[in-house]
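What the coordinates show
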Amino acid sequence: MKLQALVALAAAALFAPAAAECPNQCSGHGRCTVHPMSFSTASNTVPSITVPSGGTYSVYGYDTATYKKDSCTCFTRNEDGATVYAYKGADCSQRTCPHGKSWATAPNANNVHDIMTECSGRGLCDTSTGTCNCFPGYTGKGCRRAVCQNDCSGHGKCKSLKELAKLASENDAWDAIAEFDQTTITYSSAWDAENPMAATAILALRALTAACRSARHRPTQWADRAQKRDASAQAGASATTTPAGANASQGTLARHAKFSANLTFK
């Protein structure tokens, strides 16, 4: 009787389905299966932690066509409208950090240099919190933005290149001196359009604008400078060119007057 019981118990153990033994039970942050966790190919629009879809991939991200005993497939989260893995590691014990277009990665086969990378390649991922510790000069989610120098010293606003281009296109004060149509200025599709890369340029622009604005209240200085410059030019010219020099002087004064009267800062 006892022998029969032992045989039955051995048979049950032999034919019973094997229980998965995933590392650390996936830390409670993933699913234990016999299929490996799969990743996407990184591009300038898709980070590698994006859950792949289609074909033999399950909705959770593992590949049903490939077998790997006791494999963790980590849980997911939403990032910028895409489903990405919230955890990583063999036991899903580490949090993933936001990805962004790399500031300086090596180009891939298609010469694309702004591949989506963790912390945009300008910070270190704190895997205990899932946040990026950005390097000096960078900030924001995934270290995607550059910091304006000294926060503009409190004398300006930190704006993206896209915003600066828009302001330039809307400022008709340049009509008096520009040789092109400023309304056609755009900078919206470039990879760094949303980044304030030209922080020092912003400050310089504000300084230039302030100087021009100050000059608006001293029109005689504009005239004096123009007259001195034109007088020097006329002194070296022949008498036959004097009328042309005079016309140039009048034209210069007119342009300066129009510019100083119309210049505004938005």
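Here we summarise the structure given alongside this text.

What counts and how
- Residues numbered from 1 in each chain as written.
- Predicted model: local features only at pLDDT ≥ 70, side-chain atom pairs only at ≥ 80, totals over all residues.
- Heavy atoms only, no water.
- Helix = DSSP H or I, 4+ residues; strand = E, 2+ residues; numbered from the N terminus.
- Contact = heavy atoms within 4.5 Å.
- Areas by Shrake-Rupley, 256 points an atom, 1.4 Å probe, with all protein chains shown as cover.
- Buried < 20%, exposed > 50% of the residue type's maximum accessible area, 1.4 Å probe, protein only.
- Pairing = 2+ DSSP bridges.
- Salt bridge = Lys/Arg side-chain N within 4 Å of Asp/Glu carboxyl O.
- Disulfide = S-S within 2.5 Å.
- Arc of directions from axis to C-beta.
- Phe/Tyr/Trp six-rings, centres within 6.5 Å; stacked < 30°, edge-to-face > 60°.
- Lys, Arg positive; Asp, Glu negative; His and termini not counted.

Moving on, we get to the overall build of the chain. Helices and strands together make up the secondary structure of the chain, namely five helices and 12 strands. Looking at the chain alone, contacts between residues at least 24 apart form 57% of all its contacts between residues at least 6 apart. For the chain, the exposed surface amounts to about 16,200 Å²; the carbon and sulfur share of it is 56%.

Side chains Ser 71 and Thr 73 project from strand S2 (residues 71-74) onto one buried face, and the interleaved Cys 72 and Cys 74 project onto a second face that is buried too. Note that strand S1 (residues 30-33) and S2 share four bridges and pair antiparallel. Among the inter-strand pairings, Cys 32 is bridged to a residue of S2, identified as Cys 72.

A separate point is the pattern of salt bridges. Within the structure shown, the criterion is met by seven salt bridges. Residue Glu 170 pairs with Lys 166 through a salt bridge whose shortest N-O separation is 2.5 Å. You can see Glu 170 and its partner Lys 166 sitting in helix H2 (residues 161-170), four residues apart, about one turn around the helix. Linked by salt bridges that have partners in common, Arg 77, Glu 79, Asp 80, Lys 141 and Arg 144 make up one network.

Before going further, it helps to examine the state of the cysteines. In the structure shown here, the tally under the stated rule is seven disulfides. The disulfide that involves Cys 74 links it to Cys 92, with 2.1 Å between the sulfurs. Here the disulfide of Cys 74 and Cys 92 is left-handed, its torsion about the S-S bond being about -95 degrees. Placement of Cys 74 in strand S2 and of Cys 92 in the loop between strand S5 (87-88) and strand S6 (94-95) is noted, with a sequence separation of 18 residues between them. Take Cys 74: its relative accessible area is 1%, and that puts it in the buried class. On the basis of relative accessible area, Cys 92 is assigned to the buried category, the value being 0%.

This part takes up H2. Along H2, the residues classified as buried are Leu 161, Leu 164, Ala 165 and Ser 169. Buried residues along H2 cover an arc of 135 degrees about the axis, so they all sit on one side.

Looking now at the packing of aromatic side chains. This structure, assessed with the given rule, holds three aromatic pairs. Ring plane angle 65 degrees and centroid distance 5.0 Å describe the contact between Trp 103 and Tyr 138, whose orientation is recorded as edge-to-face. Here Tyr 138 lies in strand S11 (residues 138-139) and Trp 103 lies in the loop between strand S7 (99-101) and strand S8 (116-118), a separation of 35 residues in the sequence.

The next subject is the side chain of Asp 114. Here Asp 114 is to be found in the loop between S7 and S8. For the buried Asp 114, no salt bridge is present, and the opposite-charge side chain at shortest range is Lys 101, 4.1 Å distant. With near-sequence residues (within four places) excluded, Asp 114 lies in contact with Asn 44, Lys 101, Ser 102, Thr 105 and Trp 191.

Once that is clear, we can look at the environment of Thr 127. In this fold, Thr 127 is placed in the loop between strand S9 (123-126) and strand S10 (131-134). Using a relative accessible area of 25% as the deciding quantity, one classes Thr 127 as partly exposed. For the pair Thr 127 and Tyr 87, spaced 40 residues apart in sequence, the C-alpha to C-alpha distance is 8.6 Å. Contact partners of Thr 127, with chain neighbours within four places excluded, come to Lys 88, Gln 94 and Arg 95.

Before going further, it helps to examine the pairing of strand S4 (residues 82-85). For strand S3 (residues 76-79) and S4, the ladder comprises four bridges, and the chain directions are antiparallel. Looking at the pairing, Asn 78 lines up with Thr 83 of S4. Between S3 and the antiparallel strand that follows it, S4, lie two residues; Asp 80 among them carries a positive phi value of about 55 degrees.

Geometric descriptors of this kind do not, in isolation, establish any biological role.
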